[in-house]
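So you can see what is in the structure, the chains are spelled out below.
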Amino acid sequence: QRLKAAVHYAVGCLCQEVEEDKDVRFSKQSIAAISEITFRQCEIFAKDLEMFARHAKRTTVNTEDVKLLARRSNSLLKYITQKSEELASSNIEQKEKKKKKSSAAKGGRTPGEQEAAVTENEDSNMA
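Residues numbered from 1 in each chain as written. Predicted model: local features only at pLDDT ≥ 70, side-chain atom pairs only at ≥ 80, totals over all residues. Heavy atoms only, no water.

- As named in an unreviewed UniProt entry, the chain is Centromere protein S, taken from Myiagra hebetior.
- In its Sequence similarities (unreviewed entry) section, the UniProt record describing the chain reads: "Belongs to the TAF9 family. CENP-S/MHF1 subfamily." (UniProt positions renumbered as here; feature names shortened; annotations may be inferred.)

Pasting the structure below:
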């Protein structure tokens with residue numbers, strides 16, 4: 001119920017923006033109808049995404065499922081693909097930063113350098 005109210009509010013805000021830009025008016029009934037249609041379509045999208053993931057034998061919806069859902073709208077598919085690639089590259093950068101921080105905290109050595117140092121210490125202890 002709260003989600004439905006949030007959709008109705010968002011649709012109302014968007015309709016106000018369109019009213020200002022295009023000099024048209026929306027009745028309360030038309031806003032309610034658009035809200036209802038939007039909510040129902042979102043429910044259908046959610047079920048489709050769940051089915052796509054299940055078909056792929058996954059329990060989590062991923063970006064490939066969303067791209068499949070958006071396949072009929074070239075502009076939407078292009079936008080989703082672009083954002084997906086941006087997120088992927090951002091995640092890679094964050095992981096690299098974390099690796100650098102953790103290796104710096106361990107004495108500034110990479111895992112291979114740490115193994116070599118341990119081996120060196122063991123060799124010197126044996127001598």
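## Side note on the pattern of salt bridges
Turning to step 1, where the next piece is worked out: Counted according to the given criterion, the structure contains six salt bridges.
Turning to step 2, where the next piece is worked out: Across the salt bridge formed by E50 and R54, the nearest N and O atoms sit 3.0 Å from each other. Of this pair, E50 and R54 both sit in helix α2 (residues 28–55), four residues apart, which is roughly one turn of that helix.
Turning to step 3, where the next piece is worked out: Put simply, D65 and R58 hold a salt bridge, and the shortest N to O gap is 2.9 Å.
Turning to step 4, where the next piece is worked out: Residue class for D65 comes out buried when judged on its relative accessible area of 3%.
Turning to step 5, where the next piece is worked out: Overall, the relative accessible area of 27% leaves R58 in the partly exposed class.
Turning to step 6, where the next piece is worked out: Taken together, the shared-partner salt bridges connect K4, E36 and R40 into one network. (Salt bridge = Lys/Arg side-chain N within 4 Å of Asp/Glu carboxyl O. Helix = DSSP H or I, 4+ residues; strand = E, 2+ residues; numbered from the N terminus. Buried < 20%, exposed > 50% of the residue type's maximum accessible area, 1.4 Å probe, protein only.)

## Structural notes on helix α1 (residues 2–22)
Turning to step 1, where the next piece is worked out: With 21 residues, α1 should cover 30 Å at 1.5 Å per step; its first-to-last C-alpha distance of 30 Å lies within 8% of that length.
Turning to step 2, where the next piece is worked out: When α1 is considered as a whole, its buried residues turn out to be V7, V11, G12, C15 and E19. One face of α1 carries all of its buried residues, which in axial projection span an arc of 140 degrees. Of the exposed residues in α1, the ones pointing more than 90 degrees away from its buried face are R2, L3, Y9, L14, E20 and D21.
Turning to step 3, where the next piece is worked out: Count one or two residues on from α1 and you reach D23, which has phi positive near 55 degrees. (Expected span 1.5 Å × (residues − 1). Arc of directions from axis to C-beta.)

## Thoughts on unusual backbone geometry
Turning to step 1, where the next piece is worked out: With a phi angle near 55 degrees, D23 is a residue other than glycine that sits in the positive phi range.
Turning to step 2, where the next piece is worked out: As for its placement among the helices and strands, D23 is situated in the loop between α1 and α2.
Turning to step 3, where the next piece is worked out: We note that K57 has phi near 60 degrees; this positive angle belongs to a residue other than glycine.
Turning to step 4, where the next piece is worked out: Following the sequence through the fold, K57 ends up in the loop between α2 and α3 (63–69).
Turning to step 5, where the next piece is worked out: Given the relative accessible area of 76%, K57 is considered exposed.

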